[in-house]
Amino acid sequence: MKKLISAALAASFACVAFAGCGSSAASSSAAPASAAPAATAAPAATELSGKVTTGGSTSMEKVIGALQEAFMEQNSGVDVTYDPTGSGAGITGAQEGSLDIGLSSRALKDGETGVSATVIALDGIGIIVNNANTVEDLTTDQIAAIATGEVTNWKEVGGPDAEIVMIGREAGSGTRDGFESILKVSDQCKYAQELTATGAVIAAVQANENAIGYASLAALDDSVKALKVNGIDCTEETVKDGSYTVQRPFVFVTKDGAEQTPAVKAFIDFAASADAASLISNAGAVPVA
């Protein structure tokens, strides 16, 4: 009897030992398979995050809005802000470092130092009148004469017998600077009203049958009539080919030597790339990429 029990126990120990060896062998052969993917896995992509502060030109509102929306769609961790304060304030903000990107609808002047400009688009400056006005076309000389007060009645340029009301932007506006510089009437214009936004100029011209003003091509709509200048319509095509001469650049202004975050760099690169061309075009400006 004792021999039988001893034999049974021996058999049991043998089975346990055999099972243990089998388990160990299986684990050993499986280990390389589970370790292999970890050795070849690609590192996770770094996502952009943070804030990009922009501000300045009100004429660039539609363009910057389109770029903002598309960029933040692609980079959900980035917040791009825009403060419409005028080109002068945008350049100052970049100089002082309160803005990552200043927005200017004119080129930098000689005295505006410590910053660099990146042209992202071109813009025509439309010469606008009320829809009831019968004038369709003016020369640059006629526009300059109206702006300086040399011509004061619409009948002098083929329109109705009515006093001309000149509407313009405030000092420091990129649109005003572009208009006056191109027509060579800087500091000579006589305005009935000086307004602080492109939309305000359009609204004032819409409300007054005798008014004339200027506004960015990107902001033009059917509420006012854009005149031909020297026989040329203000369109994307005529701005691009240079035949429409009342035009200026849309510019990103950045502080020299300032360390830019990856998000700021990526937004500037995106705005200046061919990928943004259709966005800029749909916003009414002319892409340069």
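Look a little higher up for the structure.
Residues numbered from 1 in each chain as written. Predicted model: local features only at pLDDT ≥ 70, side-chain atom pairs only at ≥ 80, totals over all residues. Heavy atoms only, no water.

Q: Now, about the overall build of the protein chain: what can you tell me, with residues and values included?
A: Counting its secondary structure elements, the protein chain contains nine helices and 12 strands. Across the protein chain, the fraction of contacts at a sequence separation of at least 24, relative to all contacts at a separation of at least 6, is 74%. Total accessible area computed for the protein chain in this model is approximately 14400 Å², and 54% of it derives from carbon and sulfur atoms. (Helix = DSSP H or I, 4+ residues; strand = E, 2+ residues; numbered from the N terminus. Contact = heavy atoms within 4.5 Å. Areas by Shrake-Rupley, 256 points an atom, 1.4 Å probe, with all protein chains shown as cover.)

Q: Residues and numbers for the packing of aromatic side chains, please.
A: The full count for this structure, using the stated rule, is five aromatic pairs. Ring geometry for F71 against F270: centres 5.7 Å apart, planes inclined by 45 degrees, an arrangement best described as tilted. Remark: F270 occurs in helix α8 (residues 262–271) and F71 occurs in helix α2 (residues 61–74); sequence separation between them is 199 residues. On the basis of relative accessibility, which here comes to 3%, the residue F71 falls in the buried class. The exposure class assigned to F270 is buried, which follows from its relative accessible area of 10%. Between the aromatic rings of F252 and F267, the centroid separation amounts to 5.9 Å while the plane-to-plane angle is 20 degrees, which identifies the pairing as stacked. (Phe/Tyr/Trp six-rings, centres within 6.5 Å; stacked < 30°, edge-to-face > 60°. Buried < 20%, exposed > 50% of the residue type's maximum accessible area, 1.4 Å probe, protein only.)

Q: Mind laying out the environment of Y82, listing which residues take part and the relevant values?
A: Topologically, Y82 is positioned in strand β2 (residues 78–84). Put simply, Y82 and T58 are 24 residues apart on the chain and 9.8 Å apart in space, counted from C-alpha to C-alpha. The residues touching Y82, leaving out its near neighbours within four places in the chain, are T54, G55, G56, S57, T58, M60, E61, I64, Q68 and L103. Within polar-contact distance, the side chain of Y82 engages the backbone oxygen of S57 at 2.8 Å. (Polar contact = N/O pair within 3.5 Å; in protein donor to acceptor, adjacent residues only side chain to side chain.)

Q: Outline empty space enclosed by the protein, listing residues and values.
A: Scanning the model with the defined rule gives one cavity of 30 Å³ or more in all. The computed volume of the largest cavity comes to approximately 30 Å³. Of the residues contributing to the lining of the largest cavity, the split by class is no nonpolar, nine polar and one charged. (1 Å grid on protein atoms, 1.4 Å probe; cavity = no way out; pocket = protein on both sides within 12 Å on 5 of 7 lines; lining within 4 Å. Points joined across faces, edges and corners; volume = space filled by probe spheres on them. Nonpolar A, V, L, I, M, F, W, Y, C, P; charged D, E, K, R; others polar.)

Q: Account for helix α5 (residues 174–182), naming residues and giving values.
A: With seven of nine residues buried, α5 is to be regarded as a mostly interior element. Those residues of α5 not exposed but buried are G174, T175, R176, D177, G178, F179 and E180. Where α5 begins, one side-chain oxygen reaches toward the backbone nitrogen of T175, 3.2 Å away; that side chain belongs to S173. K184 occupies a position one or two residues after α5 and carries a positive phi of about 60 degrees.

Q: How would you sum up the nonpolar core? Please name residues and give values.
A: Grouped together as the largest cluster of nonpolar side chains are 31 residues, with contacts concentrated most on I127, L138, I146, W154, M166, F179 and I212. Sorting the residues of this core by element identifies β4 (115–129), α4 (140–147) and β8 (211–216) as the ones contributing at least two each. Ranked by residue count, the leading element in this core is α4, at five residues. Setting aside residues no more than four positions away along its own chain, I212 makes contact with I127, I128, V129, L138, I146, W154, I164, V165, M166, I167 and V205. M60, V78, A263 and F270 belong to the second largest nonpolar core, which has 27 residues in total. (Core = buried A, V, L, I, M, F, W, Y, C linked by side-chain atoms within 4.5 Å.)

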